[in-house]
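Spelled out, the chains give:
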Amino acid sequence: MRENIEIEVRYQQLVAFNIQHEYFKQIPNDFFKFIASKETSKRITELGLQLYANNEGFNLMLSSDKESVFEFFLQNNDEVVLDFYLFIENPYFLHLTQLPWELNKKIFYFENYIDDIDEKKVILGNNEFVSSKDNHFYTYDNWSGKKIQKNSKIFGKSKNNNELSDKIKISGDNYTVDLSEVSFGLYQIEEDKNVVDTFLYLPKLLKTPAAMFQVRLGKNWQQKILQLLNDKQPLPCKSMGIQFKARQAYWRYYLSSKYSNNLQNLAINTGQEKITFKDLGNVVLPNGKEAIKFESEIPLIIQDETLYQFELARKAGGRTNATDLILQKLPTPSIDSLKPDRKDNTIAYSDMYIYL
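Not measured: the values here are computed from a predicted model. (Residues numbered from 1 in each chain as written. Predicted model: local features only at pLDDT ≥ 70, side-chain atom pairs only at ≥ 80, totals over all residues. Heavy atoms only, no water.)

Asker: What am I meant to see in the overall build of the protein here?
Answerer: Helix and strand counts for the protein come out as 3 helices and 25 strands. A globule of 356 residues ought to have a C-alpha radius of gyration of about 21 Å, yet the protein, at 28 Å, is considerably larger. Principal-axis analysis of the C-alpha atoms gives the protein an extent of 85 × 80 × 35 Å. Across the 356 residues of the protein, 44% fall into the buried class. The contacts in the protein between residues at least 6 apart in sequence include a share of 73% that link residues at least 24 apart. On the protein, roughly 20500 Å² of surface is accessible, and the fraction owed to carbon and sulfur atoms is 45%. (Helix = DSSP H or I, 4+ residues; strand = E, 2+ residues; numbered from the N terminus. Rg over C-alpha atoms; globule rule 2.2 N^0.38 Å. Buried < 20%, exposed > 50% of the residue type's maximum accessible area, 1.4 Å probe, protein only. Contact = heavy atoms within 4.5 Å. Areas by Shrake-Rupley, 256 points an atom, 1.4 Å probe, with all protein chains shown as cover.)

So, in structure tokens, the structure goes:
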């Protein structure tokens, strides 16, 4: 007679990473993709952990049947560094994200050094939302730069203070950094103790990622986790994330009609005192037709579920209040209608055409 043995496996969450994007009410499954580096995938296995990635981030979990493996690794190793890469699958990412329209062959870098067991959520990056300050040039090979002063001293180090001094060769006003035997990550170059350059050293991947994430598990954190395991206490989860801000754009309506009197005394009701549209008068469209142009006084947020509902009305008797309703609901911008300003690539416009 066979005897069934049931084994209960419990999972504890150690690290949770989450992406938020202000444009979406719910991020589509095919928008973001995370992968771990080859070295990190191997390290996660050695730790006895399991990686669960989804469209909004990833989680590192410890199962109860792998606790002894996890303990052995932490007892016999130093600081643990885990590298992850973010890929953005949607070609309209910059249309709906408040970032410069041109990233100039840079990618984002974020890191979290975990050395305590505080459960407070950490927002990574230099600001509340991801910005160009988080963006860096990258290389798959050696790095070349130009000295600012001829007699200056060049010093290089990684974000976690690994020196590059013996890797730098200076030739005239230029320098090169040999990266063949250093770990991947963010490095900075100092000239006479002033930071003059930063760059990311990446493994050569089939496709360039949008961002690199480094999670460092410090010795203090490891010791505290070991103590909790030894005391059979629940393990805390270190939660972290990044936030993308939704694109803001000036909304521009072009109103055209077969009859010119249809374009007289028009106004846009917004229902909000802080949001108004200015009448920019008559313009000629690319097809030669005449139209009247309205533009929002301030840039307005673009989201998949819009916050606004504007009306087109006619001023009654020339008074300032528009009372004769013409269109109850003006259209809202589509993603492909957004375009950058020619002089400032941080500014966007959305042109919408309406035939009355």
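Asker: When you look at the nonpolar core in this model, what are you seeing that I'm missing?
Answerer: Here is a general trend for soluble globular proteins: nonpolar side chains tend to be buried in one another's company. Residues F70, F213, Y253 and F310 are the most contacted members of the largest nonpolar core, which totals 73 residues. Ignoring any residue separated from it by four or fewer positions in sequence, one finds F310 in contact with W251, Y253, I268, N269, T270, I275, F277, L300, Q328, K329 and L330. W143, Y175, L179 and Y201 belong to the second-largest nonpolar core, a separate cluster that totals 11 residues. (Core = buried A, V, L, I, M, F, W, Y, C linked by side-chain atoms within 4.5 Å.)

Asker: Before we go on, may I ask you to explain the environment of L94 in this structure?
Answerer: Note that L94 resides in the loop between strand 5 (80-88) and strand 6 (106-114). Take L94: its relative accessible area is 17%, and that puts it in the buried class. Sequence separation of L94 and K315 is 221 residues, and the distance between their C-alpha atoms is 38 Å. The contact partners of L94, leaving out residues within four places of it in the chain, are L99, P100, W101, L103 and R247.

Asker: What is the right way to read the packing of aromatic side chains from this model?
Answerer: Aromatic ring pairs are described here by two measures, namely the spacing of the ring centres and the angle between the planes. On inspection of all chains with the given rule, the structure shows 26 aromatic pairs. Geometrically, the ring pair formed by F31 and F93 is tilted, given 6.3 Å between the ring centres and 55° between the ring planes. Of this pair, F31 sits in the loop between strand 1 (11-21) and strand 2 (32-36) while F93 sits in the loop between strand 5 and strand 6; the two residues are 62 residues apart in sequence, bridging distant segments of the chain. Accessibility expressed as a relative area gives 7% for F93, which makes it buried. Judged by centre distance (6.0 Å) and plane angle (15°), the ring pair of F32 and F244 falls under stacked. Placement of the pair is F32 in strand 2 and F244 in strand 16 (residues 238-244), with a sequence separation of 212 residues. Relative accessible area serves as the criterion here: at 3%, F32 is assigned to the buried category. (Phe/Tyr/Trp six-rings, centres within 6.5 Å; stacked < 30°, edge-to-face > 60°.)

Asker: Is there a simple way to explain the pattern of salt bridges in this structure?
Answerer: Tallied over the full model, the rule gives 10 salt bridges. Residue E305 is joined to K25 by a salt bridge in which the shortest nitrogen-to-oxygen separation is 3.9 Å. Linking E305 in the loop between strand 21 (300-301) and strand 22 (311-315) with K25 in the loop between strand 1 and strand 2, this pair joins segments that are 280 residues apart in sequence. The salt bridge partner of E295 is R252, with a shortest N-O separation of 4.0 Å. You can see E295 sitting in strand 20 (residues 290-296) and its partner R252 sitting in strand 17 (residues 248-256), a full 43 residues away along the chain. (Salt bridge = Lys/Arg side-chain N within 4 Å of Asp/Glu carboxyl O.)

Asker: Quick question: what am I supposed to make of the environment of L356 here?
Answerer: Here L356 lies in the segment after strand 25 (348-355). With relative accessibility at 25%, the residue L356 sits in the partly exposed group. For the pair formed by L356 and D344, sequence separation is 12 residues and the distance between their alpha carbons is 33 Å. The contact partners of L356, leaving out residues within four places of it in the chain, are L255, S256, S257, K258, N262, L263, L266, L312, I326 and L327.

Asker: What exactly am I supposed to notice about the sheet that holds strand 12 (residues 174-177) here?
Answerer: Strands belonging to one sheet form pairs held by backbone hydrogen bonds; the direction of such a pair is parallel or antiparallel. Sheet architecture is open: 3 strands sit in the order 9-12-11, paired in antiparallel fashion. Bordering the open sheet on either side are strand 9 (143-146) and strand 11 (168-171), each of which pairs with just one other strand. Taken over all neighbouring pairs, the strand axes of this sheet differ in orientation by 20° on average, direction set aside. In this sheet, strand 12 lies alongside strand 11 in antiparallel orientation, the contact comprising 4 bridges. (Pairing = 2+ DSSP bridges. Axes fitted to C-alpha atoms, helices over the stretch in contact; angles between N-to-C directions.)

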